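What follows is the residue order along each chain.
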Amino acid sequence: MADSETPLLDELEEGPWPSFVKEMKRAAEKNEAAKDLLRQLERSYVDKVGHWKHGGIVGVKGYGGGVIGRYSDLPEEFPAVAEFHTMRVNMPSGWFYNTKKLRELCDVWDKHGSGLTNMHGATGDIILLGTSTDHLQPCFDDLAEIGFDLGGSGSDMRTPSCCVGPGRCEWACIDTLELLYDLTMTYQDQLHRPMFPYKSKMKISGCPNDCVAAVPRSDIAIVGTWRDKIRIDPVEVANYANDGLDIVQEVVMLCPTRCMTWDGKTKTLTIEDAECNRCMHCINLMPKALRPGVERGATILVGGKAPIVHGALLSWVIVPFMKIEPPYTELKELLDKIWEWWDENGKMRERLGELINRLGMRNFLKAVGLPAVPQMVKAPRANPYYFWDPEEVK
């Protein structure tokens, strides 16, 4: 690809950081679709408008989701990207691959697509960027041969994702990898055949550090936690203090619930666990001295999302603690109730959190059979009056 064809894109290759333009040019050396994509992108920079039409619906046999239709609005000028569909491929739990599988995946995409990938999309999928309609089914068939399935797209359960969990992290309170695999296999219909008012995202974090951003980025967040006390090693606490850590300023004063006290004379750290909100700040600062408790499970939250139709929402706690053990019956029964209520009451393109905002947390809790608990309270009541439902009055 001659530099003179894309002078505006060429500028993005300057500077110390890796450039997507450089990688697109490498793909363009052997792929016409990647070459025309560069040309169309340059044209978009000149015209200051994206030259893509509304995608429409394309897919593979038996699947309503997994393929995002994309068409150029300048097909005569850039024929190799007249059709440039994106395929979402369901990633392995925790994004663990071996080189053999990665090579097989790339071989399939070199055969059927542009060679351009995004490892990974915002939801977690392997994103294969750019193929034509006649290659969708053959590409899907070849992916299935090497053990890959499509992910979610459209108004369905989007591909669930999780952190690396016990595979690499000492803080994991639940087996995120096994849970993700089980839920993905259980909810194949919800994943591949759009049936909901809008998309439903599920993310699983092994601990409150929330490395997959489940709380702000998913409609249903499963976050590992513990129910008993934080384990304290007094000797290691003293070692941190002796090594120069200012425990008062850096640990105690930065605790969001101020549930910690420090006795500098005896070098004793005390935690009022009933007030702890499991933020992990103290554990992250003193990993040798503090550890999560031993009675472990997960907090279930709902309603998080990025700003699309309405503004961004953070998730609400609906179950402060739930044991997470195979076959995950309690969790699955709750998921079924949540989706049923949302499916019956949600408007088109209305996310779960937006529906709860519209109809109220009270109606949501009644529908899914959960009691109200203090952890659900977002702010104190502004109205001092309480109104009873008629059926609650004897």
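Residues numbered from 1 in each chain as written. Predicted model: local features only at pLDDT ≥ 70, side-chain atom pairs only at ≥ 80, totals over all residues. Heavy atoms only, no water.

Draft legend 1. Structural view of the sheet that holds strand β4 (residues 85–89). With antiparallel pairing, the 4 strands of this open sheet are ordered in space as β2-β4-β6-β5. Here the strands that pair on one side only, and so sit at the sheet edges, are β2 (67–68) and β5 (116–119). One ladder, built from 2 bridges, connects β2 with β4; its direction is antiparallel. Across the sheet, residue isoleucine 68 finds its bridge partner in β4, namely threonine 86. Lying over the sheet, helix α5 (residues 133–145) contacts β2, β4 and β6 (126–131), oriented at roughly 15° with respect to β4. (Pairing = 2+ DSSP bridges. Helix = DSSP H or I, 4+ residues; strand = E, 2+ residues; numbered from the N terminus. Contact = heavy atoms within 4.5 Å. Axes fitted to C-alpha atoms, helices over the stretch in contact; angles between N-to-C directions.)

Draft legend 2. Structural view of the sheet that holds strand β7 (residues 161–162). Strand order across the open sheet formed by 5 strands is β7-β8-β9-β14-β15, with mixed pairing between neighbours. Across the chains shown, the open sheet's two edge strands, defined by having one partner strand only, are β7 and β15 (316–322). As judged from the 4 bridges shared by strand β8 (residues 202–205) and strand β9 (residues 220–226), these two strands associate in the parallel manner. Each bridged residue has a counterpart across the sheet, and for serine 205 the counterpart in β9 is valine 223. With respect to the sheet, helix α12 (residues 329–345) is in contact with β8, β9, β14 (296–302) and β15, its orientation differing from that of β15 by roughly 160°.

Draft legend 3. Examining the packing of α12 against helix α14 (residues 361–368) more closely. Direction vectors running N to C along α12 and α14 enclose 130°, while the axes themselves pass 9 Å from each other. Judged by the inter-axis angle, α12 sits oblique to α14. The chirality of how α12 crosses α14 is right-handed. In this structure, α12 contributes Leu334, Lys337, Ile338 and Trp341 to the contact, and α14 contributes Asn363, Phe364, Ala367 and Val368. (Parallel < 35°, antiparallel > 145°, perpendicular 65-115°, else oblique. Left-handed = near helix turned anticlockwise from the far one by under 90°.)

Draft legend 4. Molecular detail of a nonpolar patch on the surface. On the surface, Leu8, Leu12, Phe20, Tyr45 and Val46 cluster together into a nonpolar patch covering about 420 Å² of accessible area. For phenylalanine 20, the position within the fold is in helix α2 (residues 20–28). Assessed through its relative accessible area of 43%, phenylalanine 20 is described here as partly exposed. (Patch = residues over 30% accessible without salt bridge, like charges linked within 9 Å, V, L, I, M, F, W, Y side chains within 5 Å. Areas by Shrake-Rupley, 256 points an atom, 1.4 Å probe, with all protein chains shown as cover. Salt bridge = Lys/Arg side-chain N within 4 Å of Asp/Glu carboxyl O. Buried < 20%, exposed > 50% of the residue type's maximum accessible area, 1.4 Å probe, protein only.)

Draft legend 5. Focus on the nonpolar core. Core analysis: the largest hydrophobic core is formed by 40 residues, its most contacted members being Ile222, Ile318 and Phe364. Of all the secondary-structure elements, those providing two or more residues to this core are α6 (176–186), β8, β9, β14, β15, α12, α13 (352–359) and α14. With 7 residues, the top contributor of residues to this core is α12. Phenylalanine 364 has contacts with Val302, Ile318, Ile338, Trp341, Leu352 and Ile356, leaving out every residue within four places of it along the chain. Core analysis: the second largest hydrophobic core is formed by 24 residues, Val237, Leu245, Ile271 and Met280 among them. (Core = buried A, V, L, I, M, F, W, Y, C linked by side-chain atoms within 4.5 Å.)

Draft legend 6. The arrangement of the pattern of salt bridges in detail. Evaluated as defined, the whole model comprises 20 salt bridges. Residues glutamate 5 and arginine 39 are paired through a salt bridge, measuring 3.0 Å at the closest nitrogen-oxygen approach. Taken as a pair, glutamate 5 in the segment before α1 (7–11) and arginine 39 in helix α3 (residues 32–47) lie far apart in primary sequence, 34 residues in all. Among the charged side chains, a salt-bridge network with shared partners connects Glu5, Asp36 and Arg39.

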